[in-house]
Amino acid sequence: MCAMWRLQVALCTLSVLSLSFGGESKARSCSEVRQAYNAKGFSLVNVPHQEISGEHLRVCPQGYTCCTSEMEDKLNQQSKLEFENLVEDSSHNMRTTFVLRHKKFDEFFLELLDNSEKSLNSMFTRTYGKLYMQNSEVFQDLFTELKRYYTGGNVNLEEMLNDFWARLLERMFQLLNSQYHFTEDYLECVSKYTDQLKPFGDIPKKLKAQVTRAFIAARTFVQGLMVGREVANRVAKVNVVPACVRALTKMLYCPYCRGMPGLKPCHNYCHNVMRGCLANQADLDAEWNFFIDAMLQVADRLVGPVNIESVIEPIDIKISEAIMTMQDNSMQVSAKVFQGCGQPKPSGISRSTRGISDVFSARFRPYTPEERPTTAAGTSLDRLVIEIKEKLKESKRFWSNLPDDICAKDKLSESDEEQCWNSHTKGRYFPEVVKEGLTNQVNNPEVDVDITRPDTLIRQQIMALRVMTNKLKNAYNGNDIYFQDSSDEGSSSGSGSGCSDGCTTEFVFVGTDAPVVGADRSDERAAAAGKSLFCRPSLLLVMASLTLPLWALQTRWR
């Protein structure tokens, strides 16, 4: 009797449980999921109206589900696309900063040079008339070479400026001693006495120091903006590995499969997924911060007492003062030259009755502030630098903070720790948040990251930043590291020259076109510079200039 009673109780219990489970399976509708899924732009064909068994699922939990295999595949693709867009959107402002500021600084410096050249041409034509017009190519070549250096040309600033003063000395010496005939050999002898005679006083020495320091800082800073832009653009194009796609799908869309499409992921859960997916980007952060610090230092140089604006704007006045100095000392200079180089032969032509000295004694009248051309690019250098420094400071630690920015509460993740998706259901997320960086992902509970295989593209960008940071540090000290003497075993000569952008970016940005500081201007500047009488390097020097920077880089990183 007792045994019969137990059997009846067991049968009743099984019956109740059976009815209970059967009722639950029928009760769950997929209407909310269908609506949310359709809102993503997907077709509702083959989307279940009620939950089905989930043995077919490969990413989401395999209990009763609103997802078919086809839905899970589409949500995988959607997760990848949304993640790529999240990274691009989160980095948009920072990347735009580099794009716009690079354009603004480039326009500013080139317009500054153009304005200065126009100022010199206008005032020298007014002051010296025909004499200037007959010798204007000397000054035109000076500005052509300055622009060519700035836009990435292989120009040694010190040598170029020395050649400018030597050519100016030759022209003026002939004009001031027009009663004599001078051969090329004689004029070459005159040039050799330039440092000893100091016909232009201390102006060439002071101007050379100012120009080299100002131009190295300006060109390197704009190149830094260009490199920052290129690195940010490349790193923002994330390489989403399959393990990351699975983790993203599980976080973003498995709530759909469980019938809770409006449920956001828990905050810490989102952090673990993003730190796993952006582990390589975080490894860029240390070198990025060094690069930003170096950029800020050079920015201070741009607005220092000897900045490019303060050097270039009055260059016409400084050159005119040098001409006046030589004219005042012409008799002493000529006497010393005749003593050192020999007495020249008379030309048979008496000096012009107009009087060369009278022409040169017409003192140069610089622009008044009202006459001088408008400020370059419609702004001031100080204002440009203040703006970019603020933006650069904001971009520090950008890559390590990127997961935090993406997972901001109420943006992508849920602030209520009890009402969020924890990777399985609605409820609190208990695992700890791992630290950023590739090596720290070994214990990531959400993303299976292979810490032995760093992303190749990210490593290339780390090298790009390292090279640029080294160049910025040298520029801060007034050195251009890409002009080096082969006899110094790769040590910097400390002079102001540089190889073209191609030398830098070809090494830095593998498999990409080398960006140019001043777009589409290099050929034009080079063609104009070809007319210069003092910039004709030998084939051997050209080959050396092309090969040396790459050799120097390889030496530095061995």
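Whatever comes next refers back to the structure up there.
All values derive from a computational prediction rather than experimental measurement.

Asker: Describe in detail the state of the cysteines, supporting the description with residues and values.
Answerer: With the rule as written, the count across this model stands at 7 disulfides. The disulfide that involves cysteine 67 links it to cysteine 257, with 2.0 Å between the sulfurs. Taking the sign of the torsion about the S-S bond as the criterion, the disulfide between cysteine 67 and cysteine 257, at about -90 degrees, is left-handed. Taken as a pair, cysteine 67 in the loop between α2 (31-39) and α3 (69-90) and cysteine 257 in helix α12 (residues 254-257) lie far apart in primary sequence, 190 residues in all. Neither residue differs from the other here; cysteine 67 and cysteine 257 are each classed as buried.

Asker: Residues and numbers for the packing of helix α7 (residues 157-176) against helix α17 (residues 315-328), please.
Answerer: Viewed as axis vectors pointing N to C, α7 and α17 meet at an angle of 45 degrees, and their least axial separation amounts to 11 Å. Put simply, α7 runs oblique to α17. Where α7 crosses over α17, the two elements pack in a sense that is right-handed. On α17, the residues touching Phe164, Trp165, Leu168, Leu169, Met172, Phe173 and Leu176 of α7 are Ile319, Ala322, Ile323, Met326 and Gln327. Taken together, the residues of the contact of α7 with α17 break down into 11 nonpolar, 1 polar and no charged.

Asker: Give a description of helix α13 (residues 267-277) that names residues and reports values.
Answerer: In an α-helix, one full turn covers 3.6 residues, which means residues spaced three or four apart are oriented alike. Of all 11 residues in α13, 10 are buried; the element is thus mostly enclosed. Along α13, the residues classified as buried are His267, Tyr269, Cys270, His271, Asn272, Val273, Met274, Arg275, Gly276 and Cys277. Here the buried face of α13 lies against α3, α11 (242-252), α14 (279-283) and α21 (398-406).

Asker: So what's going on with the packing of aromatic side chains? Which residues, and what values?
Answerer: Applying the stated rule across the entire model yields 24 aromatic pairs. These aromatic residues form a ring-pair network of at least three members: Phe124, Tyr128, Tyr132, Phe139, Phe164, Trp165 and Phe200. A cation sits over an aromatic face here: arginine 219 above tyrosine 149, 4.0 Å from the ring centre. The aromatic ring of tyrosine 476 is capped on one face by arginine 301, whose charged end is 4.0 Å from the ring centroid.

Asker: Please give an account of unusual backbone geometry that cites residues and values.
Answerer: Non-glycine residue lysine 198 carries a positive phi angle of around 45 degrees. You can see lysine 198 is positioned in the loop between α9 (194-197) and α10 (203-236). Note on lysine 198: relative accessible area 48%, which makes it partly exposed. You will see that serine 423, though not glycine, has its phi angle at about 95 degrees, which is positive.

Asker: Could you give an account of the nonpolar core, with specific residues and numbers?
Answerer: Most often, soluble globular proteins keep nonpolar side chains buried together rather than apart. Formed by 137 residues in total, the largest nonpolar core has its most connected members in Phe83, Phe105, Phe109, Phe139, Leu146, Trp288 and Ile319. Per-element accounting of this core gives the leading share, 16 residues, to α10. Apart from the residues within four sequence positions on either side, leucine 146 is in contact with Leu113, Leu157, Met160, Val211, Phe215 and Ile312.

Asker: Before we move on, could you go through the environment of leucine 457 and cite the residues and values that matter?
Answerer: With respect to the secondary-structure elements, leucine 457 resides in helix α22 (residues 456-476). The partly exposed category is assigned to leucine 457, whose relative accessible area is 31%. Separated by 218 residues in sequence, leucine 457 and asparagine 239 place their C-alpha atoms 9.0 Å apart.

Asker: Account for α7, with residues named and values stated.
Answerer: Here α7 is 20 residues long and its end C-alpha atoms lie 28 Å apart, about the 28 Å a rise of 1.5 Å per residue gives. Most of α7 sits inside the fold, with 14 of its 20 residues counted as buried. Put simply, asparagine 156 is the residue that caps the front of α7, since its side-chain oxygen is 3.1 Å from the backbone nitrogen of glutamate 158.

Calculation rules
- Residues numbered from 1 in each chain as written.
- Predicted model: local features only at pLDDT ≥ 70, side-chain atom pairs only at ≥ 80, totals over all residues.
- Heavy atoms only, no water.
- Disulfide = S-S within 2.5 Å.
- Helix = DSSP H or I, 4+ residues; strand = E, 2+ residues; numbered from the N terminus.
- Buried < 20%, exposed > 50% of the residue type's maximum accessible area, 1.4 Å probe, protein only.
- Axes fitted to C-alpha atoms, helices over the stretch in contact; angles between N-to-C directions.
- Parallel < 35°, antiparallel > 145°, perpendicular 65-115°, else oblique.
- Left-handed = near helix turned anticlockwise from the far one by under 90°.
- Contact = heavy atoms within 4.5 Å.
- Nonpolar A, V, L, I, M, F, W, Y, C, P; charged D, E, K, R; others polar.
- Phe/Tyr/Trp six-rings, centres within 6.5 Å; stacked < 30°, edge-to-face > 60°.
- Lys NZ or Arg CZ within 6 Å of the ring centre and 35° of its normal.
- Core = buried A, V, L, I, M, F, W, Y, C linked by side-chain atoms within 4.5 Å.
- Expected span 1.5 Å × (residues − 1).
- Polar contact = N/O pair within 3.5 Å; in protein donor to acceptor, adjacent residues only side chain to side chain.

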